[in-house]
Amino acid sequence: MDEAAKCAVNGMDISAWLRGLGLERYEQAFRENAIDEAILPKLTAEDLRDLGVTAVGHRRILLDAIAALRAESFRDTTEHSVGPDRSGAKAPEAERRQLTVMFADLVGSTALSARLDPEELRDIIGSYHRRCAEVITRSGGFVAKYLGDGVLAYFGYPQAHEEDAEQAVRAGLALIEAVTSLDAGQANSLRVRVGNRHGPRGRR
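Conventions and cut-offs
Residues numbered from 1 in each chain as written. Predicted model: local features only at pLDDT ≥ 70, side-chain atom pairs only at ≥ 80, totals over all residues. Heavy atoms only, no water. Pairing = 2+ DSSP bridges. Helix = DSSP H or I, 4+ residues; strand = E, 2+ residues; numbered from the N terminus. Phe/Tyr/Trp six-rings, centres within 6.5 Å; stacked < 30°, edge-to-face > 60°. Buried < 20%, exposed > 50% of the residue type's maximum accessible area, 1.4 Å probe, protein only. Contact = heavy atoms within 4.5 Å.

*Asks:* Outline the pairing of strand E2 (residues 142-147), supporting the account with residue identities and numerical values.
*Replies:* For a regular strand, side-chain orientation follows a simple rule: the groups alternate between the two sheet faces. The pairing of E2 with strand E3 (residues 150-155) spans five bridges and is classified as antiparallel. Bridge pairing in E3 places Val-143 opposite Ala-153. What sits between E2 and E3 in their antiparallel hairpin is a turn of two residues, with Gly-148 showing a positive phi close to 65°.

Pasting the structure below:
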């Protein structure tokens, strides 16, 4: 099997995927490290650094694209799975699965916006968002949405694990430390509030 074929495992061309992101410079690193369709959705920020993706912006692009792949895979699994023929039978009951939701936001962001000029505030919020994404993704979480200075993340989605709740707590503690160590310029230091909620979610 040639190198191009190795990058097209299960019908997905990893090289074409990278080119679509404008990151074709990493094709060789992905080939040499046997990154295929099965491995790609599991890559973390640390894995990308090991692959030579040193630019934070490039890691962010890749992590967002990988998260989109996970979500697409989850939709394909739930919407197109083939089950036994139950025509005429009683409709199955909804399955309930556990989901841990994390929300993090900056402490004193309103005061920051009053003290700093818009460009500096934008840079600080951008650095904060990137740090949150790295910590959450590394811990197995999924960044669902950015809400101003807030970050909404899911643990147990799109794929559930027994230790999701514990991982969310660990991620929250790591996030508090990671944000404190950020270079905040004139803001001196940043602090973050983190809250987790664990409970069932319905799924057909």
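*Asks:* Account for the packing of aromatic side chains, with residues named and values stated.
*Replies:* Describing an aromatic ring pair means giving the distance of the ring centres and the angle of the ring planes. Inspection of every chain in the model, using the stated rule, returns two aromatic pairs. On the numbers, 5.2 Å between centres and 70° between planes, the contact of Phe-142 with Tyr-157 is edge-to-face. Of this pair, Phe-142 sits in strand E2 while Tyr-157 sits in the loop between E3 and helix H8 (164-180), placing them 15 residues apart in sequence. Arranged with centres 5.8 Å apart and planes meeting at 90°, the rings of Tyr-154 and Tyr-157 form a pair that is edge-to-face. You can call Tyr-154 partly exposed: its relative accessible area is 22%. Aromatic ring contacts, followed pair by pair, group Phe-142, Tyr-154 and Tyr-157 into a single cluster.

*Asks:* Kindly report on the environment of Arg-60, identifying the contributing residues and their values.
*Replies:* On the secondary structure map, Arg-60 appears in helix H5 (residues 56-80). Aside from chain neighbours lying at most four places away, what touches Arg-60 is Arg-130, Ala-133, Glu-134 and Tyr-146.

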